[in-house]
Amino acid sequence: MTATTETRIGQPYLAALRKKLPHAVLEERWQTDDQVTVTVKLGSLPEAVATLYYEHDGWLSTMVGNDERSLNGCFALYYVLSMEGAQKCHVIVHALVSADDLEFPSVTPKVPAAVWYEREVRDMFGLRPVGLPDERRLVLPDDWPDGLYPLRKDSMDYRFRPEPTADNETYKFVNDSKVETTVVPLGPLHITSDEPGHFRLFVDGETIVDADYRMFYVHRGMEKLAETRMGYNEVTFLADRVCGICGYAHSVAYASSVENALGIRVPDRAQAIRAILLETERMHSHLLNLGLVCHFTGFDTGFMQFFRVREKAMTLAEMLTGSRKTYAINLIGGVRRDILGEQRLTTLKLIGELRAEVKRLIDILVSTPNFEGRVKGVGLLDPQVARDYSPVGPVVRGSGHRRDTRADHAFAGYKLIDMPVHTQAGCDILSRTLVRIAEFFDSIAIIEKLLEDTPTGPILTEDFAYKPYKFALGYTEAPRGEDMHWSMTGDNQKLYRWRCRASTYNNWPVLRYMLRGNTVSDAPLIVGSIDPCYSCTDRVTIVDVNKARSKTIAYKEMERYCRERTDSPLK
Amino acid sequence: MLKLLREVFRTGEATHKYPFAPLEVAKDFRGKPEHNAVSCIACAACTIACPPNAISMETDVAAGTRTWSISYGRCIFCGRCEEACPTGAIALSPDFELAVARKEDLTKRAVFSLAACPSCGEPLAAAKEVAYVLDILTRSAASPEEAERARFLVSTCPACKRKHDVEQLARIGVERQMENR
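Residues numbered from 1 in each chain as written. Chains lettered and ligands numbered in written order. Predicted model: local features only at pLDDT ≥ 70, side-chain atom pairs only at ≥ 80, totals over all residues. Heavy atoms only, no water.

## Quick notes on the overall build of chain A
To keep it simple, the criterion reads: Only DSSP runs of H or I reaching four residues or more are called helices, and only runs of E reaching two or more are called strands; each is numbered from the N terminus. Atoms counted for the radius of gyration: C-alpha only. Globule rule: 2.2 Å times the number of residues to the power 0.38. We call two residues in contact when some of their heavy atoms are within 4.5 Å. Residue-level accessible areas treat just the shown protein chains as cover; the underlying method is Shrake-Rupley with a 1.4 Å probe. Counting rule for charge: Lys and Arg are taken as positive, Asp and Glu as negative, and neither His nor the chain ends is counted. Lys charges are placed at NZ, Arg charges at CZ, Asp charges at CG and Glu charges at CD.
The secondary structure content of chain A amounts to 18 helices and 17 strands. Its C-alpha radius of gyration of 23 Å places chain A within 12% of the 25 Å reference for a compact globule of 571 residues. Along the longest, intermediate and shortest principal axes, the C-alpha atoms of chain A span 65 × 60 × 45 Å. Excluding contacts between residues fewer than 6 apart, the proportion of contacts in chain A whose partners are at least 24 apart in sequence is 67%. If you sum the accessible surface of chain A, you get close to 20700 Å²; carbon and sulfur atoms cover 52% of it. Chain A carries 71 positive and 77 negative side-chain charges, and their two centres are separated by 1 Å.

Next comes the structure, spelled out in structure tokens:
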């Protein structure tokens, strides 16, 4: 916070920005040595974001809308760019939007990655992105009343549930195909994911020509809840529940955003413990995905075996945190539980067993004859599409981009180690799976390294005071990719604004391109390869537009078709 | 295929006998919080610490009671209550079997009586809380006078304390009040 100018990383980007847009930059504010918020004129916003994105190796990490009318009379937008060129840092492009006309120039035409964020800020704050090609609702349901913007400070109580204004869904699904297609809707309770989503596959025979989908059927209003009801420490437990698989990554990201904002120096030992637990979480998450890859390629014995071995990672979490899943270990300023000598020894023993057992299972998986045929060359994500949309995690690394928050912007205990980054050039499901396999073994090595020489000292600092209206980013590399949190403290022992962006949010927009050109039977496998959370409660509706008939089949049938690939349900 | 068969035979039986045999959990597993009403002083520290508001406290002035309650349906087993409790009255147990036949059975209550202000008779705080604080202060008091003063401060309600202060000030006299300025 109070760092000297010499240690600040990212100044060349600001110099380049000032040079290219001489009158646009109004102010720069440094939150940490590698985090800077640059205020630009609203009119130059798209140009500033595009310059950093395409000319200086920036990737769009998140965008935050904020109702700052009580502070400065305006709404604010913060476009968070992860700079991954010569200097690794975060540059946040900030602009104020007038509360009178509520309009801002859309960044999406220049940087496609901004599309979901701008649709969301339109829903939540009623700000109008002028020039946004896709003006459909993203987060709010179709039956939500017009003019009620949930995240505005004066709009509504977090418990309020407005009456629906329409009986049926009016969402328009986009089909870019030139040929005549059949529509295959999957969902609203969806294909392979816990989170219900409505998929529309536009197919020509068995081939997917285009796809569109609608998410946020179970939007839980967590940001509003945190801002209105909970204290700073309580939100760490709420963040634990953002995801049922990788919740701890969110908890760390949230805690570090507040710590960065207030300039809190978290003890090294706490940081190492956070990293150890993050890797524990990655192990069980990657084993889950590997198991599901087996399942969707029809290799159910492998699925059972991976889940059996995964139990060791769950036991490890239970021993270290007291709970198998929601670790509840973070507080602002550190962690609540230390790793004791006995636990250290048990951990080393367990991860040793995991390494040997998973190695054997991987050997079995890759030598299964059916496996490579089902995943190689399927669900291709073009590296240029990836560049345009800023996906994260194994999805982007499977398309050859070397992006890993642990290496690029070392946080928590990752500062203490050399972090290897694995990429694959195949761009297909196989590549993403291989990246996950490599990362699993990395996790074991990282835990071993951190347990070998864990820093000593306290695990929690309480030597700080909350100051109002301080803001900063906090980030982690969750198993599915970068989690990005942005917090602004308030003046009432509560957050003024908490923006939580889960990794899969950045991966959904590219899924459409991954589905194109593949067969319907590969769809569950492709959706599974971005590793959303799974559920088996779905039903699939098949609508043949040409023949004007519709047919509903159980999701089980769709899944069976994916695995066996005989007796197409489309016939 | 052979590798897989070998793996299957090597593993043997992977499942547990649970629920027909008890399932062992890790040491320090965070399960159902157990409340001990005997050591609880109804200070409400846990209700403030509880992130999901599973623990709450309700005061019934007419009946002169304060009711502490926990809803195991809302509990997230984080253990913040255990950390906040000054008397160790609530602690997480390894018990994870919480299913009940009726929803109401998920809520556990403890009723405490309120202490009245000796001056005005209005209810002030839980009697056990007042007694707990008084006990600490009288033990640490340097003199019997200080102990008596502590007793007055702890057991009197804020309104009566204010009234008392005003009366004290009025007794001092105008000149001295001006001097102190």
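## Describing the interface of chain A and chain B
Quoted interface sizes are often the accessible area lost when the parts come together. Which entries qualify depends on this criterion: Throughout, the accessible surface (probe 1.4 Å) given up by two parts as they are put together, summed over both, is called the buried area. Think of a salt bridge as a Lys or Arg side-chain nitrogen and an Asp or Glu carboxyl oxygen that are within 4 Å of each other. As used in this structure description, the phrase polar contact means that two N or O atoms lie within 3.5 Å; if the pair is within protein, one of them must be able to donate a hydrogen and the other to accept it, and residues adjacent in sequence are counted only when both atoms belong to side chains. Polar here means any residue other than Ala, Val, Leu, Ile, Met, Phe, Trp, Tyr, Cys and Pro, which are nonpolar, and Asp, Glu, Lys and Arg, which are charged; Gly is therefore polar.
Chain A puts 27 residues into the contact, and the matching count from chain B is 24 residues. Together, the buried faces of chain A and chain B total about 2000 Å²; carbon and sulfur atoms form 49% of this surface. Seen at the junction of chain A and chain B, the total is four salt bridges. Across the pair K27(B) and E342(A) runs a salt bridge whose closest N-O atoms are separated by 3.8 Å. Viewed at the interface, chain B and chain A are joined by 14 residue pairs in polar contact (both at pLDDT 80 or more). Of all the elements in the fold, those that place two or more residues in the side of chain A that touches chain B are α6 (232-239), α9 (300-321) and α10 (341-366) of chain A. Ranked by the residues each element gives to the side of chain A that touches chain B, the list is headed by α9(A), at six residues. A per-class count over the side of chain A that touches chain B returns nine nonpolar, eight polar and 10 charged.

## Some points on the confidence of the model for chain B
Counted only if it meets this: How sure the predictor is of each residue is captured by pLDDT, a score from 0 to 100.
Mean pLDDT for chain B: 91, with 98% of residues reaching 70 or above. Two summary scores accompany this predicted model of the complex, namely pTM at 0.91 and ipTM at 0.87.

## Details of the UniProt feature "binding site: Mg(2+)" (unreviewed entry) in chain A
Residues and elements named next belong to chain A. Definition in use: UniProt positions are given in the numbering used here, feature names are shortened, and annotations may be inferred rather than shown by experiment.
As annotated in UniProt, the feature "binding site: Mg(2+)" (unreviewed entry) corresponds to E223 in the numbering used here. Checked against the element boundaries, E223 lands in helix α5 (residues 222-229). Contact partners of E223, with chain neighbours within four places excluded, come to L151, R497, W498, R499 and C500.

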